[in-house]
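# Geometric and topological summary
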Amino acid sequence: VQLQASGGGLVQAGGSLRLSCTASGSIVSFAAMAWYRQAPGKQRELVAGIMPGGGITGYADSVKGRFAFSTDNARNTVYLQMNSLKPEDTGVYYCYARSIRSDFWGQGTLVTVSS
């Protein structure tokens, strides 16, 4: 399985971006999918997660109310809509998927929020 992430870029504080992650296979086969981010000099952290089969989502406290995770099963794609972006949201965002047997990571997409 391959995960292709896209949608990162440079945006001013208060702006929005939508990240996409397209899987080479059906996303409903995954037990869970998530977005992680890694800021410069910091550890990778979980931002948002979803169970594609049931649509259950969870968010880090730092992004609740600003970020929204959605899926398009027909396109094998998940999205992370990021609104009201803050400079502290800057980092490389990674798409992650977990199946019964394996974990998969996308290549990362850089989000830079300027103040």
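Note that the structure is a prediction, hence the values are computed from the model and not measured. (Residues numbered from 1 in each chain as written. Predicted model: local features only at pLDDT ≥ 70, side-chain atom pairs only at ≥ 80, totals over all residues. Heavy atoms only, no water.)

This part takes up the overall build of the protein. Per the secondary structure count, the protein includes zero helices and eleven strands. Relative to its length of 115 residues, the protein is compact, with a C-alpha radius of gyration of 13 Å against a globular reference of 13 Å. For the protein, the C-alpha atoms occupy an extent of roughly 40 × 25 × 25 Å along the three principal directions. Burial status across the protein gives 44% buried among its 115 residues. (Helix = DSSP H or I, 4+ residues; strand = E, 2+ residues; numbered from the N terminus. Rg over C-alpha atoms; globule rule 2.2 N^0.38 Å. Buried < 20%, exposed > 50% of the residue type's maximum accessible area, 1.4 Å probe, protein only.)

On to the confidence of the model for the protein. Confidence in the prediction for the protein averages 94 pLDDT; 100% of positions are at 70 or higher. The lowest-confidence element of the protein is strand 6 (residues 56-59), averaging 89 in pLDDT; the highest-confidence one is strand 2 (residues 9-12), averaging 98. (pLDDT = per-residue confidence, 0-100.)

What follows is about the pairing of strand 7 (residues 67-72). Note that strand 7 and strand 8 (residues 77-82) share six bridges and pair antiparallel. Directly across from Ser-70, in strand 8, lies its bridge partner Tyr-79. In sequence, strand 7 turns back onto strand 8 through a hairpin of four residues, with Asn-76 there showing a positive phi of about 55°. (Pairing = 2+ DSSP bridges.)

One pass over the structure, following the stated rule, counts one disulfide. The disulfide partner of Cys-21 is Cys-95, and the gap between their sulfur atoms is 2.0 Å. Of note, the bridge from Cys-21 to Cys-95 carries an S-S torsion of about -85° and is left-handed in sense. With a gap of 74 residues between them, Cys-21 in strand 3 (residues 17-23) and Cys-95 in strand 9 (residues 91-98) connect regions that are remote in the sequence. Of the residues examined, Cys-95 reaches a relative accessible area of 0% and is grouped as buried. (Disulfide = S-S within 2.5 Å.)

Our focus in this paragraph is the nonpolar core. Membership of the largest hydrophobic core comes to 28 residues, with the highest contact counts inside it found for Met-33, Trp-35, Leu-80, Met-82 and Tyr-93. The set of elements that each furnish at least two residues to this core consists of strand 1 (3-6), strand 3, strand 4 (32-38), strand 5 (45-51), strand 7, strand 8, strand 9 and strand 11 (109-114). The biggest single contributor to this core is strand 3, with four residues. When sequence neighbours within four positions are dropped, the list of residues in contact with Met-33 reads Leu-3, Cys-21, Ile-27, Ala-48, Gly-49, Ile-50, Pro-52, Phe-69, Val-78, Cys-95, Tyr-96 and Ala-97. (Core = buried A, V, L, I, M, F, W, Y, C linked by side-chain atoms within 4.5 Å. Contact = heavy atoms within 4.5 Å.)

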